[in-house]
Amino acid sequence: MKYNRRNFLKNATVLSGSMAVLPALSGTEQGNVPQARQETGRPQQVNMCGYAAPKLETVRIGFIGLGMRGPGAVTRMARIEGVEIKALCDKDASRAAKAQEILAKQGLPKAREYSGEEGWKAMVANESLDLVYICTPWALHTPMAIYAMQHGKHVACEVPIAVTVDECWALVETSEQTKKHCMMLENCCYDFFEMLTLNMARNGLFGELIHAEGAYIHDLVELNFSKEGYADMWRLKMNASRNGSLYPTHGLGPIAQCMNINRGDKMDYLVSMSTNDFMMGNIAAAKAGEDPFYRPFVGKSYRGNMNTTLIHTAKGKTMMVQHDVTSPRPYSRIHLVSGTKGIASKYPAPERIAFGHEWLPKAELDALYAKYTPPLIKHVGEVAKQVGGHGGMDFVMDWRLIDCLRNGLPLDQDVYDGALWSSVFPLSEQSVNQRSQSLDVPDFTRGAWQHNQPVNLTLEGGATTGIRKERPS
């Protein structure tokens, strides 16, 4: 299958019948993997890294997707002052109606409801929105994000933000053309230890970072095969048709920020290798023997249990990213950063830091937390734990996004980050398909990485956004 990035962008611009092109974007069979495209000759239109959009006193939000992640996002945004939830959209009308209860509980006005296969288009086109918050299946992320930006809305989208390299380029070019933010909601960048290590790295405590590791190791077998899990079994279908690091960004995003990727260094090339599938095919066959519902999933070429992707940077550093959502293992994102002066590691617990041959005792680790926890966490970390969302990191992410939009500040994650981190999915798939061939990683910044500034860890110019108290039930 050949993909032409220019034709894709043209189609995305028109977007009439965009839903019809989704199978071509997401249903890639193993052995027929789209090749990575490299940008040649075209300069960057606008540098969205460090770009500050005009201030928004009130951020009017429309949500698309109210199944698994959407209701939690609505709940968190309902607690943030300066937010107006204007619209709720889901293919299933009952989900949009159910989400109204979240607003009512918080004493907020009712939002307009949209539903059906193309209800999202009507919402984006007809509503006066500042931000479209996308919580849909992966294959819908890019078409929805592009449509929203072209209709004058900023975008916040769940991970991964794209599933092909062509989609990554389309997002970059649309964001630059429209000057609209396109942020991938990589919540793990806002977890407490990850932010601590980012600030410590920024302050040179680990010396020159040399190597980092991240992962998404999470036993999702039961959820992937559940009829009540992912709508229309979309994630199981993805696991039955794509073989690589399908979900790389939770482990990759935090270590990429620590290593200043896109902001002083860039990913140069990668290699990727997958084991065979030792479980999913057998589970599908066993389930089909008891329930004919699962018969279409028998005989598929499921992705390997473990994928390992190695990335080499332009400055000669290395990164390792692993993906395994099948094996019976404890949850892990690894989160390891190693430099010339020290190392930090989060999994397996407990969190650890060392500046020599032995891990620091708890008292010294606590002292580092007290000194190097960034202002963002000190400002909203405790209330974030109360509001919830993966221990609080989801709320930190949402509050920071809104505060940046309201104060006209650059976002912590821009379209280049979302595109790059997501591109590891299709690139790893291509490498696996070619016996772990080394592949160049596209430079979505078109050279701007050499002068882009690192993520701002201060609250300078912001921190003006309040938090609503939770109303009693």
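Our subject in this report is the structure included herewith. (Residues numbered from 1 in each chain as written. Predicted model: local features only at pLDDT ≥ 70, side-chain atom pairs only at ≥ 80, totals over all residues. Heavy atoms only, no water.)

### Structural notes on the overall build of the protein chain
Piece 1. Summing up its helical and strand segments, the protein chain has 16 helices and 14 strands in all.
Piece 2. Seen along its three principal axes, the alpha-carbon backbone of the protein chain occupies a region of about 55 × 55 × 50 Å.
Piece 3. Buried positions account for 60% of the 473 residues belonging to the protein chain.
Piece 4. Once local pairs closer than 6 in sequence are excluded, the contacts in the protein chain between residues at least 24 apart make up 78%.
Piece 5. Only carbon and sulfur atoms are counted for the fraction: they give 51% of the accessible area of the protein chain, which is about 18600 Å². (Helix = DSSP H or I, 4+ residues; strand = E, 2+ residues; numbered from the N terminus. Buried < 20%, exposed > 50% of the residue type's maximum accessible area, 1.4 Å probe, protein only. Contact = heavy atoms within 4.5 Å. Areas by Shrake-Rupley, 256 points an atom, 1.4 Å probe, with all protein chains shown as cover.)

### Quick notes on the nonpolar core
Piece 1. Counting 130 residues, the largest nonpolar core has F63, M77, I85, L88, Y133 and I353 as the members making the most contacts within it.
Piece 2. The dominant element in this core, judged by the number of residues it contributes, is helix α15 (residues 393–407), at nine residues.
Piece 3. Ignoring any residue separated from it by four or fewer positions in sequence, one finds L88 in contact with F63, L66, V74, A96, A99, Q100, L103, A111, R112, E113 and Y114.
Piece 4. Counting twelve residues, the second-largest nonpolar core is a separate cluster that includes A240, M280, I283 and Y294. (Core = buried A, V, L, I, M, F, W, Y, C linked by side-chain atoms within 4.5 Å.)

### Details of unusual backbone geometry
Piece 1. The peptide bond linking Y347 to P348 adopts the cis configuration, its omega dihedral lying at -10°.
Piece 2. Tracing the backbone through its elements, the reader meets P348 in the loop between β12 (343–345) and β13 (352–354).
Piece 3. A cis geometry characterises the amide bond from A349 onward to P350, with omega recorded as 5°.
Piece 4. Unlike most non-glycine residues, H390 shows phi in positive territory, near 55°.

### Side note on the pattern of salt bridges
Piece 1. For the coordinates displayed, the defined rule picks out 27 salt bridges.
Piece 2. One salt bridge in this structure joins R242 and E429, with 2.8 Å as the shortest N-O distance. With R242 in the loop between α10 (234–239) and α11 (249–258) and E429 in helix α16 (residues 415–433), the pair connects residues that are 187 residues apart, well separated along the chain.
Piece 3. On the basis of relative accessibility, which here comes to 0%, the residue R242 falls in the buried class.
Piece 4. E429 gets classed as buried once you look at its relative accessible area, which sits at 1%.
Piece 5. For D412, the salt bridge goes to R400, with nearest N and O atoms at 3.0 Å. With a gap of twelve residues between them, D412 in the loop between α15 and α16 and R400 in helix α15 connect regions that are remote in the sequence. (Salt bridge = Lys/Arg side-chain N within 4 Å of Asp/Glu carboxyl O.)

### Re the packing of helix α8 (residues 192–202) against α11
Piece 1. Taken N-terminus to C-terminus, the directions of α8 and α11 make an angle of 20°; their axes are 9 Å apart at the nearest point. One finds that α8 runs roughly parallel with respect to α11. Viewed along their axes, α8 and α11 form a crossing whose handedness is right-handed. Here E194, T197, L198 and A201 of α8 lie close against α11, whose contacting residues are P254, Q257 and C258.
Piece 2. Residue classes in the contact of α8 with α11 are distributed as four nonpolar, two polar and one charged. (Axes fitted to C-alpha atoms, helices over the stretch in contact; angles between N-to-C directions. Parallel < 35°, antiparallel > 145°, perpendicular 65-115°, else oblique. Left-handed = near helix turned anticlockwise from the far one by under 90°. Nonpolar A, V, L, I, M, F, W, Y, C, P; charged D, E, K, R; others polar.)

### Considerations on α11
Piece 1. Of all ten residues making up α11, ten are buried, and the element is well covered by its neighbours.
Piece 2. The complete set of buried residues in α11 reads T249, H250, G251, L252, G253, P254, I255, A256, Q257 and C258.

### Some thoughts on the environment of D417
Piece 1. Locating D417 in the fold gives a position in helix α16.
Piece 2. Of the residues examined, D417 reaches a relative accessible area of 0% and is grouped as buried.
Piece 3. Those residues in contact with D417 that sit more than four places away from it in its chain are I261, N262, R263 and D412.
Piece 4. A polar side-chain atom of D417 sits 3.2 Å from a polar atom in the side chain of N262. (Polar contact = N/O pair within 3.5 Å; in protein donor to acceptor, adjacent residues only side chain to side chain.)

### Topic: the packing of aromatic side chains
Piece 1. Applying the stated criterion across every chain, the model contains 14 aromatic pairs.
Piece 2. Seen in terms of ring centroids, W138 and Y247 are 5.5 Å apart; in terms of plane orientation they differ by 15°. Their pairing is stacked. Residue W138 is found in helix α6 (residues 138–150), and its partner Y247 is found in the loop between α10 and α11; the two are separated by 109 residues along the sequence. Comparing W138 with Y247 shows no difference in burial state: the two are buried.
Piece 3. For the ring pair W169 and F444, a centre distance of 4.7 Å and an interplane angle of 55° mean the geometry is tilted. With W169 in helix α7 (residues 165–178) and F444 in the segment after β14 (439–440), this pair connects stretches of sequence that are 275 residues apart. Pair check on accessibility: W169 and F444 agree, each one buried. (Phe/Tyr/Trp six-rings, centres within 6.5 Å; stacked < 30°, edge-to-face > 60°.)

### Here we look at the sheet that holds strand β6 (residues 182–184)
Piece 1. Taken together, six strands build an open sheet; the order of strands is β3-β2-β1-β4-β5-β6 and the sheet is parallel. Either end of the sheet is taken by a strand with one partner, and the two such strands are β3 (112–115) and β6. Strand-to-strand twist across the sheet, computed as the mean angle between neighbouring axes with direction ignored, equals 20°.
Piece 2. Sheet analysis places strand β4 (residues 131–134) next to strand β5 (residues 154–157), joined by four bridges and oriented parallel. Across the sheet, the residue bridging to L131 is H154, located in β5. (Pairing = 2+ DSSP bridges.)

### As for the environment of L420
Piece 1. Looking at the element boundaries, L420 is found in helix α16.
Piece 2. For the pair formed by L420 and W138, sequence separation is 282 residues and the distance between their alpha carbons is 16 Å.
Piece 3. Aside from chain neighbours lying at most four places away, what touches L420 is I261, N262, M267, V441, P442 and F444.

Purely geometric stuff here, so don't read any function into it on its own.
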